[in-house]
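# Structural overview
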Amino acid sequence: MLVERALQAGADAAEAIVFEGQSLGVSWRLGKLEDVERSEGRDVGLRVFIGSRQAVVSTTDLSERSLGPLVERVVAMARVAPEDPYAGLADPDLLASSWPDLEIDDPSSAPTAEALAASAAEAEEAALAVKGVTNSGGAGAQWGRSGMALVTSGGFSGAYSGTSFSVSCSVLAGEGTRMERDYDYSSARHLADLDAPARIGRSAGERAVRRLDPRKVRSQAVPIVYDPRVSAGLVGHFAGAISGAAITRKTSFLQHAMGKPVFAPGIEIVDDPHRKRGLRSKPFDGEGVRNRAMKLIENGTLTTWLLDTASARQLGLRSTGHAARGAGGPPSPSTTNLYMAPGKLSPEALIADIQQGLYVTELIGMGVNGVTGDYSRGASGFWIENGKIGFPVSEITVAGNLKEMFLHMTPANDLVFRYATNAPTIRVEGMTVAGM
């Protein structure tokens, strides 16, 4: 309806997108329910094109009184918008016409607030039962269902919906100035795939206790091993560097790396929007373009950029099906289920020959320069001595350059799909640890 109205009002092309969702979550602390939050909402976005000019508007008011003026307003905005030679709907021959069932919507009934509270309570109880845990930062459990529908004047019409479940727990160990905090959580599309709340709580408690009495280490250059909880961030930095938006603006340290070795030989990085029950799975991209699993890195070599229609046209290429969007703005490139393929060594074998090194379990701050690749972040974790993980360390900084770090990475064989971006344990040679 909105697309037709926009064309009748003078637009050359148009697309309408609808997002709707509902969620329910509870917070629990020290044996008591702290709060219950429920939300429901629907957003509608309309993007129109007049020649090479485009405009976007959005609203949460779906009444006829709101939608009529909305169409008139966005067409008027497009008439005076600056020209953009790369703006426009996706190429018709790239549009998806069919797609698989990705199993991202759990058909079971939504959980009650009481059921979510019971899960959160179970997680906290398990955490507090760990010897050495002295206080709780709280536990939580959430459920949500969201959906989207996209219609374009270029002939595309599609919709999908998905559910999400999560449970989390945060606790403190120790007393006074010796206190340390840690956490754990699990997220899944289906309730049956969610980790047991007691397991999450116990893990959070054990992690906090392990961090007690951290030491400082002197500044030095050593191998650094990233725990899977933080190694995915390295893959995320890579994805940002190959985004079409960064490439077109010439703000990426991988600007001239296409077809060249970027990672160590043997490393593969994959983006798979069709992963069954994946946390970011979707049957088509934000412009209705076909999407598929793609090897972004194959045997260490960069094979593609992440492109939506606009960035692809600016680079003289075609969309790779990576457009993502909200209701209030145009699309931009983004990954879905992104991961680094596992290597051959176990995590134990990966660190067995390290005489002195750092095992990182937490990173602080965002000290990454996307233009140069310079990398510097606060960190905490455990010191490696004689091939074994030893005492906890904190108040340190790890630094290097992502171009060199990528080329000197070794992944372990322990890849587990727990997040939207995943990686196994990763060892990086020759980084700098700044301590005392």
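Keep in mind that what you see is a predicted model, and the values were worked out from it rather than measured.

### Comments concerning the packing of aromatic side chains
A complete count under the given rule lists 11 aromatic pairs for this structure. Relative to Phe284, the ring of Tyr160 has its centre 5.4 Å away and its plane inclined at 80°; by these criteria the two rings are edge-to-face. Separated by 124 residues along the polypeptide, Tyr160 in strand E5 (residues 157–173) and Phe284 in the loop between strand E8 (269–271) and strand E9 (294–298) bring together distant segments of the chain. Tyr160 sits in the partly exposed class, given a relative accessible area of 25%. Considering the side-chain rings of Phe238 and Phe263, the 5.3 Å spacing of their centres and the 80° angle between planes classify their relative orientation as edge-to-face. Of the two residues, Phe238 sits in helix H5 (residues 228–241) while Phe263 sits in the loop between helix H6 (244–249) and E8, which places them 25 residues apart along the sequence. For the pair shown, Phe238 and Phe263 are each scored as buried.

### A look at the pattern of salt bridges
Enumeration over the complete set of coordinates arrives at 25 salt bridges. Arg211 is the partner of Asp182 in a salt bridge, and the nearest nitrogen-oxygen pair spans 3.4 Å. Note that Asp182 is positioned in strand E6 (residues 180–188) and Arg211 in the loop between helix H4 (197–210) and strand E7 (220–226), a separation of 29 residues in sequence. Each member of the pair, Asp182 as well as Arg211, carries the same accessibility label: buried. Between Asp193 and Arg277 there is a salt bridge, with its nearest N and O atoms 3.0 Å apart. Placement of the pair is Asp193 in the loop between E6 and H4 and Arg277 in the loop between E8 and E9, with a sequence separation of 84 residues.

### Some thoughts on unusual backbone geometry
We note that Asp213 has phi near 55°; this positive angle belongs to a residue other than glycine. Inspection of the secondary structure puts Asp213 in the loop between H4 and E7. For Arg277, which is not glycine, the phi torsion reads 65° and is therefore positive.

About the thresholds
- Residues numbered from 1 in each chain as written.
- Predicted model: local features only at pLDDT ≥ 70, side-chain atom pairs only at ≥ 80, totals over all residues.
- Heavy atoms only, no water.
- Phe/Tyr/Trp six-rings, centres within 6.5 Å; stacked < 30°, edge-to-face > 60°.
- Helix = DSSP H or I, 4+ residues; strand = E, 2+ residues; numbered from the N terminus.
- Buried < 20%, exposed > 50% of the residue type's maximum accessible area, 1.4 Å probe, protein only.
- Salt bridge = Lys/Arg side-chain N within 4 Å of Asp/Glu carboxyl O.

Worth remembering: the numbers are spatial, not functional.
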